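What the coordinates show
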Amino acid sequence: VTVAYNKDPSPVKVNLGVGAYRTEEGKPLVLNVVRRAEQMLIQNESRVKEYLPITGLADFNKLSAKLIFGADSPAIQENRVATVQCLSGTGSLRVGGEFLARHYHERTIYIPQPTWGNHPKVFTLAGLTARSYRYYDPATRGLDFQGLLEDISSAPSGAIVLLHACAHNPTGVDPTLEQWEQIRQLMRSKALLPFFDSAYQGFASGSLDKDAQSVRMFVADGGELLMAQSYAKNMGLYGERVGALSIVCGSADIAVKVESQLKLVIRPMYSNPPLHGASIVATILKDSAMFDEWTLELKAMADRIISMREQLFNALKIRETPGDWSHIIKQIGMFTFTGLNSDQVAFMRQEYHIYMTSDGRISMAGLSSRTVPHLADAIHAAVTK
Ligand code: PMP
């Protein structure tokens, strides 16, 4: 999508295909707190560039587990969590997949339909068998909760189930807390293993704790799970490749063994992870003033996205565009699954120079107050043509 967008000479072109945050001016954003952390790191002359251990920066690992599971998490207090620094969210998913393929008794992983395009490849190449569970209902542009429960119920006992912790990509549709609770009960009753993917903590609601509620429910029951965390979106560290894989185990003793096996997975893949990005994250997470500054900047990004949803919804209402567009304000996070079909997407590209993936997914972060009216005109024309 981006290649085609770059070739288009039109001055009104808009790229809604990118999976990265953009400012109101359409520019990538480096958070102020990240710049400040980098300056502190550079000015510290005692810093050296030695290799990290195989498992990464110890402070970063501890702080990452605390961020997602909560400072008072029983699993952390009981030392039941093995955390390793990985290459962003993708690397965390892959290391988790490799570990499961090597050591876990059930090789089937259930992934939502649809899901982030890389999920099936990551897990299949790690040696797992990927199957899908129903997730999205095109008729309601919401969750197919009944389908989800049915498909998860018929999974073999012990199967792995991939869950998006919040801000499901590409649909922007998340279960409610009550639905999460039902999913949790069903999964625990069938001994299914949750593998959470958290790529948008703080990006959905603007609150880091709120966006971790689904995960914390599963940790609170004392059961096992895997957690892949990414700092690409919520700290804007896309290219620094900073993430963590945490495995919540049944006991402290098992966590030590799991960590040791994770080292054996990582060592032949890339030996040890990079230093810079993890140092930025650890600097911010361990200083309460910097942490607070981060949460404000994160909330500002989340709020801008929410405001884009409202503006687009209102623009379609004013134009009396046929159809129910309330899903635009109901869906959560970076993306909206518009419900536009591939013909309509092609029409909008051709006639309005608006670029999105052919499934009709748009990145709300790629919009601005200036481009919303143009997009609304295009959607209106596409559905009334
Ligand atoms: N999971 C989901 C659901 C995602 O949307 C993404 C990024 N688009 C990732 C994982 C991985 O991102 P990264 O490797 O850049 O952290």
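This structure is a prediction, so every number in the text was calculated from the model and none was measured.

**Brief notes about the overall build of the protein chain**
A tally of regular secondary structure across the protein chain gives 15 helices and 13 strands. Against the 2.2 N^0.38 benchmark of 21 Å for 385 residues, the protein chain shows a C-alpha radius of gyration of 21 Å, consistent with a compact globule. Dimensions of the protein chain, computed from the C-alpha atoms along their principal axes, are close to 65 × 55 × 35 Å. For the protein chain, the proportion of its 385 residues judged to be buried stands at 47%. Across the protein chain, contacts joining residues at least 24 apart in sequence account for 76% of those joining residues at least 6 apart.

**With respect to the site of the ligand**
In the neighbourhood of the ligand, 13 residues make up the surrounding shell, with Ser 88, Gly 89, Thr 90, Ala 199 and Ser 230 lying closest. It is helix H5 (residues 88-103) that contributes the most residues to the shell around the ligand, three residues altogether. Looking at side-chain class alone, the shell around the ligand contains four nonpolar, eight polar and one charged residues.

**With respect to the nonpolar core**
Core analysis: the largest hydrophobic core is formed by 117 residues, its most contacted members being Val 161 and Val 281. Take this core: its biggest share by element is nine residues, from helix H12 (residues 288-318). Ignoring anything within four residues of it in the chain, the contact list for Val 281 reads Phe 60, Tyr 231, Met 235 and Val 242.

**Examining unusual backbone geometry**
Of note, the amide linkage connecting Gln 113 to Pro 114 takes the cis form, showing an omega dihedral of 5°. Counting through the fold element by element, Pro 114 comes out in the loop between strand S3 (108-113) and helix H6 (119-125). The backbone of Arg 241 sits at a positive phi, close to 55°, despite the residue not being glycine. Structurally, Arg 241 is set in the loop between strand S9 (225-230) and strand S10 (242-248).

**Description of the pairing of strand S4 (residues 129-134)**
In this structure, S3 lies alongside S4, joined through six bridges in parallel fashion. Residue Ile 109 lies in a different strand from S4, and its bridge partner there is Ala 130. Taking the sense of rotation as the criterion, the β-α-β connection linking S3, H6 and S4 turns out right-handed.

**Notes on the UniProt feature "domain: Aminotransferase class I/classII large" (unreviewed entry) in the protein chain**
Under the present numbering, the feature "domain: Aminotransferase class I/classII large" (unreviewed entry) in UniProt falls on residues 13-379. Between the first and last C-alpha atoms of residues 13-379 the distance is 14 Å; the span itself is 45% helix and 16% strand.

**Here's the deal with the confidence of the model for the protein chain**
Across the protein chain, pLDDT averages 97, with 100% of residues at or above 70. Both confidence scores are given for the complex: pTM 0.96, ipTM 0.99.

**Details of the packing of helix H11 (residues 276-286) against H12**
Packing of H11 against H12 leaves a shortest axis separation of 5 Å and a crossing angle of 105°. Accordingly, the angle class assigned to the pair H11 and H12 is roughly perpendicular. Contacts from Thr 283, Ile 284 and Leu 285 in H11 reach Met 290, Phe 291 and Trp 294 in H12. Class assignment of the residues belonging to the contact of H11 with H12 gives a composition of five nonpolar, one polar and no charged.

**A word on the sheet that holds S9**
Spatial ordering of the open sheet is given by S2-S10-S9-S8-S7-S3-S4, a layout of seven strands whose pairing is mixed. Lying at the two open borders of the sheet, with one neighbouring strand each, are strand S2 (81-87) and S4. Taking each pair of neighbouring strands and ignoring which way they run, the sheet shows an average axis angle of 25°.

**What to know about the packing of helix H14 (residues 342-352) against helix H15 (residues 372-384)**
It is at 9 Å that the axes of H14 and H15 come closest, and there the two elements cross at 125°. When the axis of H14 is compared with that of H15, the two are oblique. Here H14 and H15 pass one another in a crossing that is right-handed. Of H15, the residues touching H14 (which contributes Gln 344, Phe 347, Met 348, Glu 351 and Tyr 352) are His 374, Ala 378, Ala 381, Ala 382 and Val 383. Per-class residue counts for the contact of H14 with H15 are seven nonpolar, two polar and one charged.

**Brief notes about H11**
Extensive coverage of H11 is indicated by the burial of nine of its eleven residues. Burial in H11 covers these residues: Gly 277, Ala 278, Ser 279, Ile 280, Val 281, Ala 282, Thr 283, Ile 284 and Leu 285. Buried positions along H11 lie against helix H2 (32-43), helix H3 (58-69), S2, S10 and H12.

**Section: the domain arrangement of the protein chain**
When cut into domains, the protein chain gives domain 1 (2-28 + 303-384) and domain 2 (58-286). Each of domain 1 and domain 2 was reduced to a C-alpha centroid, and the two centroids are 29 Å apart. Tallying the contact residues gives 14 residues for domain 1 and 18 residues for domain 2. Considering every element that reaches the side of domain 1 that touches domain 2, the biggest residue donor is strand S11 (residues 335-337), with three residues. Its residues placed into classes, the side of domain 1 that touches domain 2 shows six nonpolar, five polar and three charged.

Thresholds, definitions, all that
Residues numbered from 1 in each chain as written. Predicted model: local features only at pLDDT ≥ 70, side-chain atom pairs only at ≥ 80, totals over all residues. Helix = DSSP H or I, 4+ residues; strand = E, 2+ residues; numbered from the N terminus. Rg over C-alpha atoms; globule rule 2.2 N^0.38 Å. Buried ≥ 20, exposed ≤ 12 C-beta atoms within 10 Å, placed from the backbone. Contact = placed C-beta atoms within 7 Å. Near = placed C-beta within 6 Å. Nonpolar A, V, L, I, M, F, W, Y, C, P; charged D, E, K, R; others polar. Core = buried A, V, L, I, M, F, W, Y, C linked by C-beta atoms within 7 Å. Pairing = 2+ DSSP bridges. Right-handed = clockwise from strand over helix to strand, strands pointing away. UniProt positions renumbered as here; feature names shortened; annotations may be inferred. pLDDT = per-residue confidence, 0-100. Axes fitted to C-alpha atoms, helices over the stretch in contact; angles between N-to-C directions. Parallel < 35°, antiparallel > 145°, perpendicular 65-115°, else oblique. Left-handed = near helix turned anticlockwise from the far one by under 90°. Domains from an automatic or database assignment.

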